[in-house]
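Summary of the model geometry
The primary structure of each chain is shown beneath.
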Amino acid sequence: MEFEAVADIMKNQMSRAILKEIFKKSFETRWTVTALVVTCLIGTGARHALAQEQPAPPTGQSASENNSGDKGSDSGNVPKIRVGTNEVNVVFTVTDRHGKRITDLKQNDFRFVDDSKPVSEIRSFRAEANLPLQVGLLIDASSSVRDRFKFEQEAAIEFLNQTVRRRYDLAFVVGFDATPEVTQDFTDDPERLAHGVHELRAGGGTAMYDALYYACRDKLLKRPITGPTRRAIILLSDGDDNQSHVTREEAIEMAQRADAIVYTISTNVSGTKGSGDKVLERIADATGGRAFSPFQIRDVANAFAEIQEELRSQYAVSYKPADFKSDGHFRTIEIVANDRKTFRVRARRGYYAPAQ
């Protein structure tokens, strides 16, 4: 047997041993398994072989995008700027001082600021009542919510039945205790989504930040979109996290990278706001969403109904930033109504520019 062939076999055996150890690691380590696998493949010379058989993907396109229809991106190459290299799409909600949604304002009623500078050009502006949806439903299945879990399941199913339209919207279901579990992947079938909710079983600790991070990075970011789309996470939890590997701010950052607006529904029915409620409010505020704090369990259904209505009552704007740089940095977004005393705008706080 030739020397090169023997060397390849030895390298493959080493790679298998390394991979076996990788999959024994914790949940946090598994998030980095792709990078480690690529390292192993480089050691075996597989990368060189693939380069000979397949053309390299276009600039800015990952190998996974080139080989599958489910286009994705890691945290270092997030498709935040769409329709060219410097056009930003933002979906936002406007309410009056009493929280009533306002849907008849015009472009001239707002000021748009990107990274502390007025935008250089508005490409399009429209009131949207029919945007396609990509929705992730995250349900706390830890032992702390066991006593009200069944009611929350039924309220979530009713929300999905009323919200998801076949051949137009997509949704997925994730239950979480110590780890997140996808019980139904992306689908437009309300029956499958309902089955996914029924599959959830309460028990275990709470890793809410991990679940939000996972849903945004591994589900939303890896789902392609074309044109304005409403991406939303509905997070149903008491907000008390005790087992996550990532921090609250890291979970928020991943939601921002995924263009996901997070609506939170607190399951704390003690009658007073706790520390978990403040966490949920922070997540919702940072992503342009809204925090609901029902003080009675039957009010959870009302919160779902309000989220459903809001998802169909937004504005969508596409603009060109001034002094845009593809440097991977976070750029702030500020949309302000000219009549600030009357109207309140709720939008995501910013986005991550792509890195060159």
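Note: the structure precedes this text.
A brief look at the structure comes next. (Residues numbered from 1 in each chain as written. Predicted model: local features only at pLDDT ≥ 70, side-chain atom pairs only at ≥ 80, totals over all residues. Heavy atoms only, no water.)

**Looking at the packing of aromatic side chains**
The geometry of two aromatic rings is summed up by the distance between their centres and the angle between their planes. The test is simple: For Phe, Tyr and Trp, rings pair up if their centres lie within 6.5 Å, where Trp contributes its six-membered ring, and each pair is then called stacked (planes under 30 degrees apart), edge-to-face (over 60) or tilted (otherwise). Helical segments are the DSSP runs of H or I of at least four residues, strand segments are the runs of E of at least two, and each set is numbered from the N terminus. For every residue, the accessible area (1.4 Å probe, protein chains only) is compared with the maximum for its type, and the residue is labelled buried under 20%, exposed over 50%, or partly exposed between those bounds. Geometrically, a lysine NZ or arginine CZ counts as sitting over a ring once it is within 6 Å of the ring centre and also within 35 degrees of the ring normal.
One pass over the full model with this rule turns up twelve aromatic pairs. On the numbers, 5.3 Å between centres and 80° between planes, the contact of Phe92 with Phe110 is edge-to-face. Taken together, the residues span a long stretch of sequence, with Phe92 in strand E1 (residues 88–96) and Phe110 in strand E2 (residues 110–114) at a distance of 18 residues. In terms of burial, Phe92 and Phe110 fall into one category: buried. One aromatic cluster is present, formed by Phe92, Phe110, Phe112, Phe125 and Tyr315 through successive ring pairs. Between Arg257 and the ring centre of Tyr352, over which it is positioned, the NZ or CZ distance is 3.8 Å.

**Section: the sheet that holds strand E10 (residues 291–292)**
Counted only if it meets this: At least two DSSP bridges between two strands are required for those strands to pair. Any two residues whose heavy atoms approach within 4.5 Å are treated as being in contact. Helix axes use the C-alpha atoms of the stretch in contact, all axes being lines fitted to C-alpha atoms, and the angles between their N-to-C directions lie in the range 0 to 180 degrees.
Strand order in the open sheet made by the six strands is E7-E6-E5-E8-E9-E10, with mixed pairing throughout. Looking at which strands have only one partner, the edges of the open sheet turn out to be strand E7 (180–187) and E10. Two strands pair when backbone bridges link them, and strand E9 (residues 261–266) and E10 are joined in this way by two bridges, in the parallel orientation. Among the inter-strand pairings, Ile265 is bridged to a residue of E10, identified as Phe292. Contacts between helix H8 (residues 208–220) and the sheet are confined to strand E5 (133–140), strand E6 (170–176), E7, strand E8 (230–237) and E9, with E8 contributing the most and set at about 160° to the helix.

**Focus: the packing of helix H6 (residues 149–163) against helix H7 (residues 190–198)**
Put simply, the rule is: Our angle categories are set so that under 35 degrees counts as roughly parallel, over 145 as roughly antiparallel, 65 to 115 as roughly perpendicular, and the remainder as oblique. Note: crossing handedness is left-handed where the near helix turns anticlockwise from the far helix by less than a right angle, and right-handed where it turns clockwise.
The interhelical angle for the contact between H6 and H7, taken along N-to-C directions, is 165°, at an axis separation of 9 Å. It follows from the interaxial angle that H6 and H7 lie roughly antiparallel. Judged by the sense of rotation from one axis to the other, the crossing of H6 with H7 is right-handed. Between H6 and H7, the contacting residues are Gln153, Glu154, Ile157, Leu160 and Asn161 on the first element and Pro190, Leu193, Ala194, Val197 and His198 on the second.

**So, empty space enclosed by the protein**
Spelled out, the test is: Cavities and pockets were defined on a 1 Å grid built over protein atoms only: a cavity is a set of grid points that admits a 1.4 Å probe from which the probe cannot escape, a pocket is an open set flanked by protein on both sides within 12 Å along at least five of seven lines, and lining residues are those with an atom within 4 Å of any such point. Grid points are joined across faces, edges and corners, and a volume is the space filled by probe spheres set on the points. Residue type decides the class: Asp, Glu, Lys and Arg count as charged, Ala, Val, Leu, Ile, Met, Phe, Trp, Tyr, Cys and Pro as nonpolar, and the leftover types, Gly among them, as polar.
Counted according to the given criterion, the structure contains two cavities of 30 Å³ or more. Here the largest cavity defines a volume of roughly 210 Å³. What lines the largest cavity is a set of 17 residues, among which Asn89, Val90, Val91, Thr229 and Asp259 lie closest to the centre. Within the residue set of the lining of the largest cavity, elements represented by two or more residues are E1, E8 and strand E11 (314–320). Of the residues in the lining of the largest cavity, the class split is seven nonpolar, four polar and six charged. Taken as a whole, the second largest cavity holds about 30 Å³ of empty space. Lining of the second largest cavity is provided by Ser266, Asn268, Thr272, Lys273, Asp277, Ser293, Pro294 and Phe295.

**Re the sheet that holds strand E12 (residues 330–337)**
Judged by pairing direction, the sheet is antiparallel, and its four strands sit side by side in the order E3-E2-E12-E14 without closing on themselves. A strand with exactly one partner marks an edge of an open sheet, and here the two such strands are strand E3 (117–118) and strand E14 (350–352). With five bridges joining them, E2 and E12 adopt antiparallel strand pairing. Bridge assignment links Val113 to a residue of E12, and that residue is Glu334.

**Considerations on H7**
Selection criterion: Taken from the helix axis, the directions to the C-beta atoms give the arc we talk about. A 3.5 Å cut-off defines polar contacts: any pair of N or O atoms within that distance qualifies, except that in protein one atom must be a possible hydrogen donor and the other a possible acceptor, and neighbouring residues in sequence count only when both atoms are side-chain atoms.
Here H7 has its buried residues at Pro190, Leu193, Ala194, Gly196 and Val197. Considered in projection along H7, the buried side chains sweep an arc of 155° and stay on one side of the axis. Opposite the packed face of H7, turned more than 90 degrees from it, sit the exposed residues Glu191 and Arg192. For H7, the N-terminal cap is Asp189; the gap from its side-chain oxygen to the backbone nitrogen of Glu191 is 2.9 Å.

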